[in-house]
Amino acid sequence: MAILIDDPRWPAHGRLWSHLVSDSDLEELHRFASAQGIPRRGFDVDHYDVPDSAYDDLVAAGAEPVGGRELVRRLIASGLRVTARERRGR
């Protein structure tokens, strides 16, 4: 089990954002996020959006830094990935 974070490179709201995911369990992800003060409103179906200012602290707390492709690959392998098509259907 691992919490993964990609590089903060996704622009929105005047800053860059990372994605924080679990490679095995959403409850593990929610516990980690809560312990690090990340609000639940940052959760988007299968990941948390986190600002670049939180990246170093999340890595120091145990999140494994990976590239974006690796993050998606491992999220898909976990069975937790929700596709854009599935998101639109919700």
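Scope of this entry: the structure provided in the associated data block. Only a predicted model underlies this, so the values are computations on that prediction, with no experimental measurement involved.

**What about the layout of surface pockets?**
Of the pockets and cavities examined, the largest pocket occupies roughly 220 Å³. Forming the walls of the largest pocket are 13 residues, and the residues nearest its centre are Asp6, Trp10, His19, Leu71 and Val72. Those elements that place two or more of their residues in the lining of the largest pocket are strand E3 (15-22) and helix H3 (68-78). Across the lining of the largest pocket, the residue classes tally to 5 nonpolar, 3 polar and 5 charged.

**What to know about H3**
Along H3, the positions that sit buried rather than exposed are Leu71, Arg74 and Leu75. The buried side chains of H3 occupy one side of the element, clustering within an arc of 105° when seen end-on. Summarising the geometry of H3, the exposed residues directed more than 90 degrees from the buried face are Arg69, Ile76 and Ala77. Tucked inside the fold, the buried residues of H3 contact strand E1 (3-5), E3 and strand E5 (64-65).

**Comments concerning the environment of Gln36**
Along the chain, Gln36 falls in the loop between helix H1 (26-35) and strand E4 (48-51). A residue is classified by how much of its surface remains accessible, and Gln36, at 35% relative accessible area, is partly exposed. Through-space distance from the C-alpha of Gln36 to that of Leu75 is 21 Å; in sequence the pair is 39 residues apart. Once residues within four sequence positions are removed from consideration, Gln36 is found in contact with Leu58 and Ala61.

Calculation criteria
- Residues numbered from 1 in each chain as written.
- Predicted model: local features only at pLDDT ≥ 70, side-chain atom pairs only at ≥ 80, totals over all residues.
- Heavy atoms only, no water.
- 1 Å grid on protein atoms, 1.4 Å probe; cavity = no way out; pocket = protein on both sides within 12 Å on 5 of 7 lines; lining within 4 Å.
- Points joined across faces, edges and corners; volume = space filled by probe spheres on them.
- Helix = DSSP H or I, 4+ residues; strand = E, 2+ residues; numbered from the N terminus.
- Nonpolar A, V, L, I, M, F, W, Y, C, P; charged D, E, K, R; others polar.
- Buried < 20%, exposed > 50% of the residue type's maximum accessible area, 1.4 Å probe, protein only.
- Arc of directions from axis to C-beta.
- Contact = heavy atoms within 4.5 Å.

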